[in-house]
Amino acid sequence: MNSILEKYKSKSNDVIAQIKQKVNSSDNMKDTLENIREELSSWGKENINLLTSELKEYINKNNPDFIAKNKDKWEMILDKAQALSEYGLYVAPIDLLTNNEDTAKATYVGVASFLSSILLTKIVTKKVHFVASVLTSVASGFVAYYMLETKKGDEKDLIMNYIDDAHEWINTAFENTYKTFQNAL
């Protein structure tokens with residue numbers, strides 16, 4: 001029975017490697033990112049169902065006496081396995097990684113620097129230097145946008161960490177399903 005679990009873990013390793021390869025070869029992280037969660041979640045749920053069916057068949061074939069003598073316990077195992085196959089996999093929302101607010105953040109920095117520059121020039125020189133404030137605002141907005149853009153390289157690392165976390169969740173769901181059926185041996 002352990003070989004069945006190991007087969008599914010091996011399949012998950014292969015799928016994760018393919019997804020990581022897709023991320024590494026992608027130039028457009030946004031499009032790739034949108035598909036990753038759904039792909040991981042769908043694959044995980046489908047394979048948890050397959051694992052459940054395979055383990056159920058294994059017990060039916062190799063330990064029919066357990067089923068005959070422990071009908072209530074067997075039904076409880078099947079109910080728990082069914083619940084695990086439906087609700088036992090959680091893949092975090094990909095929204096945690098997306099950050100579409102870079103332009104808005106740069107704009108806020110620019111506006112804040114404009115207002116602070118006007119205030120500072122008014123306090124220091126008793127006059128408002130509008131042109132200097134506008135230049136300061138534009139420069140700080142560009143700097144903020146550039147600083148936020150440089151974090152985009154880190155986005156690939158974040159996605160890879162997300163994929164690794166999802167891989168752990170999938171393997172944990174496999175193990176939990178396996179442990180449920182271990183009681184029938």
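This is a predicted model, so every value here is computed, not measured.

(A) Seen up close, the pattern of salt bridges. Going through the model one piece at a time under the given rule, you end up with four salt bridges. We note a salt bridge from glutamate 54 to lysine 7, for which the minimum N-O separation is 2.7 Å. Here the residue glutamate 54 occupies a position in helix α2 (residues 29–62), and lysine 7 occupies one in helix α1 (residues 2–25), the gap between them amounting to 47 residues. Its relative accessible area of 22% is what places glutamate 54 among the partly exposed residues. Look at lysine 7 and you get partly exposed, because its relative accessible area is 38%. Aspartate 164 is the partner of lysine 20 in a salt bridge, and the nearest nitrogen-oxygen pair spans 2.5 Å. A residue pair is termed long-range when its members are at least 10 positions apart, and lysine 20 in helix α1 and aspartate 164 in helix α7 (residues 152–182) qualify at 144 residues. Note on lysine 20: relative accessible area 23%, which makes it partly exposed. Judged by its relative accessible area of 29%, aspartate 164 falls in the partly exposed class.

(B) Local environment of helix α4 (residues 71–87). Helix length check: α4 (17 residues) gives 24 Å between terminal C-alpha atoms against 24 Å at 1.5 Å per residue, within 8%. By the burial criterion, the buried members of α4 are Trp74, Ile77, Leu78, Ala81, Leu84 and Ser85. Seen from one end, α4 has its buried residues packed into an arc of 125°, which puts them on one side. Opposite its buried face, α4 presents the exposed residues Asp72, Met76, Asp79, Lys80 and Tyr87, each directed more than 90 degrees away.

(C) Just the packing of α1 against α2, in detail. One can describe the packing of α1 onto α2 by two numbers: an axis separation of 11 Å at closest approach and a directional angle of 170°. Accordingly, the angle class assigned to the pair α1 and α2 is roughly antiparallel. Contact residues: Ile4, Lys7, Tyr8, Lys11, Ser12, Val15, Ile16, Ile19, Lys22 and Val23 in α1; Met29, Thr32, Ile36, Glu39, Leu40, Trp43, Asn47, Leu50, Leu51, Glu54, Leu55 and Tyr58 in α2. Per-class residue counts for the contact of α1 with α2 are 14 nonpolar, three polar and five charged.

(D) Molecular detail of the side chain of serine 26. One can find serine 26 in the loop between α1 and α2. What serine 26 contacts, discounting residues up to four positions off in sequence, is Thr32 and Lys156.

(E) The environment of lysine 22, seen in detail. Here lysine 22 shows up in helix α1. On the basis of relative accessible area, lysine 22 is assigned to the partly exposed category, the value being 40%. Here the side chain of lysine 22 touches glutamate 39 through a polar contact of 2.9 Å, side chain to side chain.

(F) Region of interest: α2. Over its 34 residues, α2 extends 48 Å from the first C-alpha to the last, a length consistent with the 50 Å expected when each residue adds 1.5 Å. Most pronounced at isoleucine 36, the bend in α2 amounts to some 25°.

(G) Expanded view of the side chain of serine 85. Checked against the element boundaries, serine 85 lands in helix α4. A residue is classified by how much of its surface remains accessible, and serine 85, at 5% relative accessible area, is buried. A distance of 3.2 Å separates the side chain of serine 85 from the side chain of asparagine 49, its partner in a polar contact. Apart from residues no more than four positions distant in its own chain, serine 85 is found in contact with Ile48, Asn49 and Thr52.

About the thresholds
- Residues numbered from 1 in each chain as written.
- Predicted model: local features only at pLDDT ≥ 70, side-chain atom pairs only at ≥ 80, totals over all residues.
- Heavy atoms only, no water.
- Salt bridge = Lys/Arg side-chain N within 4 Å of Asp/Glu carboxyl O.
- Helix = DSSP H or I, 4+ residues; strand = E, 2+ residues; numbered from the N terminus.
- Buried < 20%, exposed > 50% of the residue type's maximum accessible area, 1.4 Å probe, protein only.
- Expected span 1.5 Å × (residues − 1).
- Arc of directions from axis to C-beta.
- Axes fitted to C-alpha atoms, helices over the stretch in contact; angles between N-to-C directions.
- Parallel < 35°, antiparallel > 145°, perpendicular 65-115°, else oblique.
- Contact = heavy atoms within 4.5 Å.
- Nonpolar A, V, L, I, M, F, W, Y, C, P; charged D, E, K, R; others polar.
- Polar contact = N/O pair within 3.5 Å; in protein donor to acceptor, adjacent residues only side chain to side chain.
- Bend = angle between axes of the 7 residues up to and from the residue.

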